[in-house]
Amino acid sequence: MTSRNVTKPGTNIAIAQANPTAAYLHIPFCRRRCYYCDFPISVLGDRLRGETSGTMRQYADRLCQEIQAAPDYGAKLETVFFGGGTPSLLAVEQLQQLLLCLKQRFGLDPLAEISMEIDPGTFDLAHIQGYQAAGINRVSLGVQAFQPEILSACGRTHTAADIDQAVDWLHQADIKNYSLDLISGLPHQTIEHWQASLERAIALQPQHISIYDLTIEPNTAFGKWYQPGVAPLPSDDRSAAMYRLAQQVLTQAGFDHYEISNYARPGYQCRHNRVYWQNRPYYGFGMGATSYLKTQRFGRPRKLREYYRWVDSYQQTRMIDCPPTPPAEQLLDGLMVGLRLAEGIDLAVLNQQFGSETVERLQKRLRPYIQQGWVEIVAAGATSARLRLSDPEGFLFSNVVLTALFEEFD
């Protein structure tokens, strides 16, 4: 443009002040930086990983220090997500350390979804079995593409053979709940490449597939080399065709298109990511991570040294003193994330939270897009209705719709 779904739809704005039951941990280490990446990471090189890197051991200790100083609102964690970076560079012992720290600080629900991003070529069978024994029960595999030339053009360190080996190890470890990540709109990528990647992904039998459209960020290698929509990048029309093709191929294969960029087989939506899309509160820990607590978002430094200084100063203990987000901003935050979901937003919840006048303004502003077929208002029981984007056209033009809403309410 990452299991069982036990969250309740329609609460994406009103529950922003609830106690957090989700935690994101950022593991910022990578072997090298991919050409499209602007995430806060620290490059280790090809030879180091958690077992051999003093830097990673120190980081795990500081991450625990931050967790131990965080406010505890009394609710056990129901989802945990290890993102990166490349969390699969962690030693099993480091993952165990971090999960134990979370459990001691907040408690872990026995049925918690505990997800981990892993990259092909960065782990072996013993690692994945160790991660699973530590508590990982959902895996997101960063495939991105299956064509060697496209992987190389993106600066990825893994090969197509590494992808097959990684999936084979997941099967050997009997990890059924795994997702594959793909990127569309990459340099030199054709519709034929994209269709082949979709078909290959389906053949690997994941329960979940995430489809991300390449975004050219200014401070990346791609940002220096390429302009969006200009060769060797696909044109805007070609990128839109890739989005429509993904929707067609994956839904026909039995995947539910439950969010703009995400598809799942029944019962396997990502519970943790739904926390974000429903605008629910969550803890964020680690370099560059963001928390959303009591309607206030808190970022952390994006450089390792500055992050360590921040942890040592215990600034995170003052987060609860920050003022709450203004109602207009809460509304826009809720609309921005809630409209990413296929189910959309419950208008009764909006009415309760922000009043009937706001709902009327919202519907009036969206009338042209309703007539265009990008926005839908559908019945949800006898007394309520849901506001949602159509699939695929509404999702495809979501930025246009959201821009109109920001102009109306910001």
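These remarks concern the structure in this document. A quick note: this is a predicted structure, and the numbers were derived from the prediction, not measured.

What counts as what
Residues numbered from 1 in each chain as written. Predicted model: local features only at pLDDT ≥ 70, side-chain atom pairs only at ≥ 80, totals over all residues. Heavy atoms only, no water. Axes fitted to C-alpha atoms, helices over the stretch in contact; angles between N-to-C directions. Helix = DSSP H or I, 4+ residues; strand = E, 2+ residues; numbered from the N terminus. Parallel < 35°, antiparallel > 145°, perpendicular 65-115°, else oblique. Left-handed = near helix turned anticlockwise from the far one by under 90°. Contact = heavy atoms within 4.5 Å. Nonpolar A, V, L, I, M, F, W, Y, C, P; charged D, E, K, R; others polar. Pairing = 2+ DSSP bridges. Buried < 20%, exposed > 50% of the residue type's maximum accessible area, 1.4 Å probe, protein only. Disulfide = S-S within 2.5 Å.

Quick look at the packing of helix α2 (residues 92-106) against helix α3 (residues 125-134) now. One way to put it is that α2 packs onto α3 with a least axis distance of 9 Å and a crossing angle of 15 degrees. Here α2 is positioned roughly parallel relative to α3, judged by the angle of their axes. Here the hand of the crossing between α2 and α3 comes out right-handed. Residues V92, L95, Q96 and L99 of α2 form the contact with α3, whose own contacting residues are H127, G130, Y131 and A134. Residue composition of the contact of α2 with α3, by class: five nonpolar, three polar and no charged.

This next bit is on the sheet that holds strand β9 (residues 256-259). On the basis of which strands lie adjacent, the open sheet formed by nine strands has the order β9-β10-β8-β7-β6-β5-β4-β1-β11 and mixed pairing. The strands lining the two open edges of the sheet, one partner per strand, are β9 and β11 (283-285). Neighbouring strand axes in the sheet, compared pairwise and without regard to direction, differ in orientation by 20 degrees on average. Bridge count between strand β6 (residues 138-144) and strand β7 (residues 178-184): five bridges; the pairing is parallel. Paired with S140 across the bridge in β7 is S179. Relative to strand β1 (residues 22-27), helix α1 (residues 54-69) is tilted by about 155 degrees, and along the sheet it contacts β1 and β11. Seen against the sheet, α2 touches β1, β4 (77-84), β5 (108-118) and β11 and runs at an angle of roughly 145 degrees to β4.

Along β6, seven of the seven residues are buried, which leaves the element largely enclosed by surrounding structure. Neither face of β6 is exposed, since R138, S140, G142 and Q144 on one face and V139, L141 and V143 on the opposite face are all buried. In this structure, β5 lies alongside β6, joined through four bridges in parallel fashion. The residue of β6 that forms the bridge with I118 is L141.

Below, the discussion takes up the state of the cysteines. Per the stated rule, a full pass over the model turns up zero disulfides. With no disulfide partner, C101 has as its closest neighbouring cysteine sulfur the one in C64, 3.5 Å distant. Residue C101 is classed as buried on the basis of its relative accessible area of 4%.

Moving on to the sheet that holds strand β15 (residues 375-379). One open sheet holds the three strands; their spatial order is β14-β16-β15, and the pairing between them is antiparallel. Two strands close off the open sheet at either side, each with one partner strand: β14 (345-346) and β15. In this sheet, strand β16 (residues 385-389) lies alongside β14 in antiparallel orientation, the contact comprising two bridges. Each bridged residue has a counterpart across the sheet, and for D346 the counterpart in β16 is R386. Set on the sheet, helix α13 (residues 356-372) makes contact with β15 and β16; between it and β15 the angle comes to about 115 degrees.

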